[in-house]
Number of protein chains: 2
Amino acid sequence: MYDYNEYKALIEEHLLDYIPRIDTKAQMLFESMKYSLTSGGKRLRPVLLLAACDFAGGNIYEALPFACAIEYIHTYSLIHDDLPAMDNDDLRRGNPTNHKVFGEDIAILGGDALLNTAMELMFRDFTYQFDNLEKLRRHCRAGLIIAKAAGVNGMIAGQVVDVENSSKVNLQEYVDFIEENKTGALICAPIIAGLSIAGADESIIDAFNVYARCIGKAFQISDDILDMTGSIEELGKTPGKDSQQEKANFAIVNGIEQAKEELHTLTITAIESIEQFETSDKKFFRDLALRLEQRRA
Amino acid sequence: MYDYNEYKALIEEHLLDYIPRIDTKAQMLFESMKYSLTSGGKRLRPVLLLAACDFAGGNIYEALPFACAIEYIHTYSLIHDDLPAMDNDDLRRGNPTNHKVFGEDIAILGGDALLNTAMELMFRDFTYQFDNLEKLRRHCRAGLIIAKAAGVNGMIAGQVVDVENSSKVNLQEYVDFIEENKTGALICAPIIAGLSIAGADESIIDAFNVYARCIGKAFQISDDILDMTGSIEELGKTPGKDSQQEKANFAIVNGIEQAKEELHTLTITAIESIEQFETSDKKFFRDLALRLEQRRA
């Protein structure tokens, strides 16, 4: 298996390749999509997809369209999330947000275009697999996992409750729902999709389901902690937004110390859930869980 | 074959069935989606998909998920199009626009959710077809046709050029691009997708490609004419928006009379393109072309 930065480099090398050539009259659309796709980021979701596929013995080049599709979906969600009508953010990854550069109209359409391109890319992939029914089956399954995680019982639901949640009572139940859906769903999905593309056994998928849920939640809680403790330089975005907007999150509801404890517990549970696998194979996922706990940005 | 209103009734009966059950915490999301899906409309795109499938001897119940998916995509595009940062419309089909009822944030997310649900619905359909490779092949092809038409070389591209086009020189080339992509693409796609689901011969698809392009363009030109001549009561939306926003469209660039002539020519060409088929079979498509030419809303 590669290390994190090797998967990341592969993704960044091909990230723009799957965007269809766009008529020059609509050039601004491509510029908007490209701007947000190439303005940095950890590439956590596509890296997880490639690594999971690799772990289960799959071909990472076959998984690459799905890895890019999930990064398109993640990127569209950030563009729309930053809009004035939503979180109203001026900075993202240290750069002006998409609507600050291209205007709100193009930012809305650029986001729409990234989601649509993810869909188009996966549909096109299926049509290439008709000579191999087993492969087609795996790819369709991966597509459905990603689509569901991004949708009305995943990321978008989490986003809606997050938006609606402003100024409301800080209920732990709502916070759990937001963390599980808004961020968690799209961190779980690439792991299970990557394993599916590789044709992994159900026992592997079951183990990684636990791992994926834990690191999904851990990632969101570490985000909450950073939102309270990080600086604008470290984060590349404005910290303290949640409390400013009177939003509930795990760290606000339970306090920083309990959030750090929960983060640690989730990290340990994630690592234990993949205990059964060979040390060399699981190293990537073990290291990643530890890195997420320690992240500063 | 059914008549227009019978297909329409079938679609309206099932339009909400394909939206997954949403957690009550995110109930507002479902309300936003439902509001725009059930606030009327001609259902032209899904009707075309069912009729085309029926024409080619396919099973319209198999085509129904795709028909609903294309109506979800059309509806999301209207919600986003009406946003203050876009066309800033208060009325749609005689009712307050989605953001007027639910706020801009939920309108953005409700639109995103409709596009995502369309994708999820088509992916789910594929996974049901694994016992029949030929059927799966047809359905995947239909999905790709719809995804492409909605995307960066279809509807979204047309939308971008339309938005960018404000206050610019009224070039016929730009107008053609907008009409072909913003509206035309998503009127062609359901016809070809419906034929594909039924497994129609290439000769049928070729003939309907001409028909579809003509009525797609005719539909947009009749829209342009109505925007200049219709009343708010007839249209259910504010007329005269294009000229107010200094946008170019075919009727503004060429004048009402030439627009009516072009509309008539397109209608005749559409009807001629399907001349070869039996009178009883092609009746639906012949009547539809004539109806579009005469439409008052």
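Residues numbered from 1 in each chain as written. Chains lettered and ligands numbered in written order. Predicted model: local features only at pLDDT ≥ 70, side-chain atom pairs only at ≥ 80, totals over all residues. Heavy atoms only, no water.

Within an unreviewed UniProt entry, the label attached to chain A reads Farnesyl diphosphate synthase, and the organism entered is Mogibacterium diversum. On record in UniProt, under Cofactor (unreviewed entry), the comment for chain A is "Mg(2+)". Of the comments in the UniProt record for chain A, the one headed Catalytic activity (unreviewed entry) reads "isopentenyl diphosphate + (2E)-geranyl diphosphate = (2E,6E)-farnesyl diphosphate + diphosphate". (UniProt positions renumbered as here; feature names shortened; annotations may be inferred.)

Draft legend 1. A look at the interface of chain A and chain B. Every contact between the two is made by 55 residues of chain A and, on the other side, 55 residues of chain B. Counting the contacts that link chain A with chain B gives 2 salt bridges. Linking B:Glu173 and A:Lys25 is a salt bridge whose minimum nitrogen-to-oxygen distance equals 3.3 Å. Taken together, the links from chain A to chain B amount to 8 residue pairs in polar contact (both at pLDDT 80 or more). Elements represented by at least two residues in the side of chain A that touches chain B include exactly helix H2 (27–37), helix H4 (60–82), helix H6 (104–128), helix H7 (133–150), helix H8 (155–165) and helix H9 (172–197) of chain A. Ranked by residue count, the leading element in the side of chain A that touches chain B is H6(A), at 17 residues. Taken together, the residues of the side of chain A that touches chain B break down into 35 nonpolar, 8 polar and 12 charged. (Contact = heavy atoms within 4.5 Å. Salt bridge = Lys/Arg side-chain N within 4 Å of Asp/Glu carboxyl O. Polar contact = N/O pair within 3.5 Å; in protein donor to acceptor, adjacent residues only side chain to side chain. Helix = DSSP H or I, 4+ residues; strand = E, 2+ residues; numbered from the N terminus. Nonpolar A, V, L, I, M, F, W, Y, C, P; charged D, E, K, R; others polar.)

Draft legend 2. Fine view of the relation of the copies chain A and chain B. When chain A is fitted to chain B, the residual RMSD is 0.0 Å, and the transformation amounts to a turn of 180° plus an axial shift of 0.0 Å. With respect to symmetry, the two chain copies, as superposed, fit the operation of a two-fold axis. In terms of C-alpha distance to the rotation axis, chain A has A:Met119 as its closest residue, with the C-alpha 3.2 Å off the axis. (Least-squares fit on C-alpha atoms with pLDDT ≥ 70 in both.)

Draft legend 3. Up close: the packing of aromatic side chains. In the structure shown here, the tally under the stated rule is 32 aromatic pairs over all chains. Between the aromatic rings of A:Tyr7 and A:Phe284, the centroid separation amounts to 5.6 Å while the plane-to-plane angle is 90°, which identifies the pairing as edge-to-face. Of this pair, A:Tyr7 sits in helix H1 (residues 4–14) while A:Phe284 sits in helix H15 (residues 279–294), placing them 277 residues apart in sequence. Among the residues examined, A:Tyr7 registers a relative accessible area of 0% and is labelled buried. For the ring pair B:Tyr35 and B:Phe102, a centre distance of 5.6 Å and an interplane angle of 70° mean the geometry is edge-to-face. Remark: B:Phe102 occurs in helix H5 (residues 98–102) and B:Tyr35 occurs in helix H2 (residues 27–37); sequence separation between them is 67 residues. Under the relative-accessibility criterion, B:Tyr35 is labelled partly exposed at 23%. Given the relative accessible area of 16%, B:Phe102 is considered buried. (Phe/Tyr/Trp six-rings, centres within 6.5 Å; stacked < 30°, edge-to-face > 60°. Buried < 20%, exposed > 50% of the residue type's maximum accessible area, 1.4 Å probe, protein only.)

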